[in-house]
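As a plain string of letters, each chain reads:
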Amino acid sequence: LLFGTVDCWLLWKLTGGRVHATDVSNASRTMLYNIRELCWDDEILEVLDIPKAILPEVRDSSCIFGETDEELFGGAIRIGGIAGDQQAALFGQTCFKEGMAKNTFGTGGFLLINTGDKIISSSNGLISTIGWKIGDSVAYALEGSVFVAGAAIQWLRDGLGLIETAPQAENLCRSIEDTEGVYMVPAFTGMGAPYWDPYARGTITGITRGTGRAHIVRAAVEAMAYQTCDLMEAAADDMDGDISELRVDGGAAANSFLLQFQADIGGRKVVKPINLETTSLGAAYLAGLATGYWESMEEIESEWQIDRIFVPEMEEEGRKARLDRWHEAVARSLGWSRI
């Protein structure tokens, strides 16, 4: 009997059952791994009665894990990179320096900030995690998770029929000046960081007779930015410093209205790369380092390309007023299912 995360299972299958291993970023998500000592935690294993013998070997995120079974692809192919989803995206965005941050606008939303070689214990509901390990160098990160981001747009399409396609949302957002006071809190499955309230439920507040579908769609899109802004403020407070820019990826990052509003409401520039598939790109970068395709992280950094930069344009007074109303809307959604 063996235990492993999904990447571990894939590695086992690809190597024909020859390699039972994982990397530090995935090991850290089992809650059995000591991210300070970089080893399986004997105390936790003892409490949970888990034999260490069933656990995979933990290796660097960039190293030669093994070779694929020749029968799978007609030849042996080296496997050189393994990383968790969001850690791979952080690496794919070349956030190699302390303080660099990325946010993935996917079904959920995930903000990760490189904290260098320091583990920062959050006082604002963020998670301390390992970003990656390459040789003797370990990069740690702070992570904030939003449960519902792009999923709210899917709900507007599939659940309410307010839009036919996700890209249509951007056109509707631009068809009006603002939401006219309408706010959506998409707490369909509770609220993630920094609130962590499983009893929160989705709300739409500020509706009047003048509210149309464009207002609701725009409120849903803006909610992605508001939630990300909450995460950035939490991270900045934990790190005792500001986040100067936010690199973005994920399917919803194709929405330019969202990215401009993110820059406005967050008060920080937003950088969109040419390649938005940064999770797979990060895995490729890690594998390329291990196989010698890239000589260094500096070489990788030089290849990362910007598509567009969004600069804050909203006045501070208007930004603060919108954030205050957002937080009032959130307060109305918290604890709802316990009422």
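First, a word on scope: everything that follows refers to the structure included in this document. The shown structure was predicted, so the numbers you read here are calculated from the model rather than taken from an experiment.

We now examine the overall build of the protein. Of regular secondary structure, the protein possesses 12 helices and 15 strands. Relative to its length of 339 residues, the protein is compact, with a C-alpha radius of gyration of 21 Å against a globular reference of 20 Å. Considered along the principal axes of its C-alpha atoms, the protein spans approximately 65 × 45 × 40 Å. Expressed as a percentage of the 339 residues in the protein, the buried residues total 51%. For the protein, contacts bridging at least 24 residues in sequence account for 69% of all contacts bridging at least 6. Accessible surface computed for the protein: about 15900 Å², of which carbon and sulfur atoms make up 51%. In the protein, which carries 28 positive and 49 negative side-chain charges, the distance between the mean positions of the two groups comes to 6 Å.

Here we take up empty space enclosed by the protein. With the rule as written, the count across this model stands at three cavities of 30 Å³ or more. Computed from the structure, the largest cavity encloses a volume of approximately 70 Å³. The wall of the largest cavity is formed by 13 residues, among which Val146, Met191, Gly192, Ala193 and Gln227 lie closest to the centre. Across the lining of the largest cavity, the residue classes tally to eight nonpolar, four polar and one charged.

What follows concerns the pairing of strand 14 (residues 269-273). Most of strand 14 sits inside the fold, with four of its five residues counted as buried. For strand 13 (residues 245-249) and strand 14, the ladder comprises three bridges, and the chain directions are parallel. When the bridges of strand 14 are listed, Leu246 appears paired with Val270. In this view, the connection linking strand 13 to its parallel neighbour strand 14 by way of helix 9 (residues 256-266) has right-handed handedness. In the sheet, strand 14 pairs with strand 15 (residues 306-310) via four bridges, with the strands oriented antiparallel. Within strand 15, the position partnered with Val271 by the bridge is Ile309.

Once that is clear, we can look at the side chain of Lys133. Structurally, Lys133 can be placed in strand 9 (residues 127-134). Under the relative-accessibility criterion, Lys133 is labelled buried at 16%. Looking at Lys133, its side chain comes within polar contact range of the side chain of Asp60, at 2.8 Å.

Bringing the layout of surface pockets into the picture now. Size it by volume and the largest pocket reaches roughly 310 Å³. Lining of the largest pocket is provided by 15 residues; of these, Ile153, Ala166, Pro167, Gly251 and Ala252 occupy positions nearest its centre. Ranked by the residues each element gives to the lining of the largest pocket, the list is headed by helix 6 (residues 150-159), at four residues. The calculated volume of the second largest pocket comes to roughly 230 Å³.

Attention shifts here to the environment of Cys63. In this structure, Cys63 sits in strand 5 (residues 62-67). We classify Cys63 as buried; its relative accessible area is 18%. Between the alpha carbons of Cys63 and Val221 there is a distance of 40 Å; along the sequence they are 158 residues apart. Apart from the residues within four sequence positions on either side, Cys63 is in contact with Ile79, Gly80, Gly81 and Ala290.

Attention now moves to the packing of helix 8 (residues 213-239) against helix 9. Running from amino to carboxyl end, helix 8 crosses helix 9 at an angle of 45 degrees, the nearest separation of the two axes being 9 Å. Put simply, helix 8 runs oblique to helix 9. Here the hand of the crossing between helix 8 and helix 9 comes out right-handed. Residues Arg218, Val221, Glu222, Met224, Ala225, Tyr226, Thr228, Cys229 and Met232 of helix 8 form the contact with helix 9, whose participating residues are Phe257, Leu258, Phe261, Gln262, Ile265 and Gly266.

Closest axis-to-axis distance for the helix 9/helix 12 (residues 316-333) pair is 9 Å, and the angle between their directions is 95 degrees. Judged by the angle between their axes, helix 9 and helix 12 are roughly perpendicular. Between helix 9, through Asp264, Ile265 and Gly266, and helix 12, the contact on the second element is made entirely by Arg319, Arg322 and Leu323. Residue composition of the contact of helix 9 with helix 12, by class: two nonpolar, one polar and three charged.

All right, on to unusual backbone geometry then. Outside of glycine, negative phi angles account for most residues, and trans bonds account for most peptide bonds. Geometrically, the link from Ala193 to Pro194 is a cis peptide bond, its omega value of 0 degrees lying close to zero. In this structure, Pro194 sits in the loop between strand 11 (183-185) and strand 12 (203-205). Of note in the backbone geometry, Leu38 takes a positive phi value of approximately 60 degrees without being a glycine. Assignment of secondary structure puts Leu38 in the loop between strand 2 (33-34) and strand 3 (39-40). Among the residues examined, Leu38 registers a relative accessible area of 27% and is labelled partly exposed.

The rules behind each value
Residues numbered from 1 in each chain as written. Predicted model: local features only at pLDDT ≥ 70, side-chain atom pairs only at ≥ 80, totals over all residues. Heavy atoms only, no water. Helix = DSSP H or I, 4+ residues; strand = E, 2+ residues; numbered from the N terminus. Rg over C-alpha atoms; globule rule 2.2 N^0.38 Å. Buried < 20%, exposed > 50% of the residue type's maximum accessible area, 1.4 Å probe, protein only. Contact = heavy atoms within 4.5 Å. Areas by Shrake-Rupley, 256 points an atom, 1.4 Å probe, with all protein chains shown as cover. Lys, Arg positive; Asp, Glu negative; His and termini not counted. Charge placed at Lys NZ, Arg CZ, Asp CG, Glu CD. 1 Å grid on protein atoms, 1.4 Å probe; cavity = no way out; pocket = protein on both sides within 12 Å on 5 of 7 lines; lining within 4 Å. Points joined across faces, edges and corners; volume = space filled by probe spheres on them. Nonpolar A, V, L, I, M, F, W, Y, C, P; charged D, E, K, R; others polar. Pairing = 2+ DSSP bridges. Right-handed = clockwise from strand over helix to strand, strands pointing away. Polar contact = N/O pair within 3.5 Å; in protein donor to acceptor, adjacent residues only side chain to side chain. Axes fitted to C-alpha atoms, helices over the stretch in contact; angles between N-to-C directions. Parallel < 35°, antiparallel > 145°, perpendicular 65-115°, else oblique. Left-handed = near helix turned anticlockwise from the far one by under 90°.

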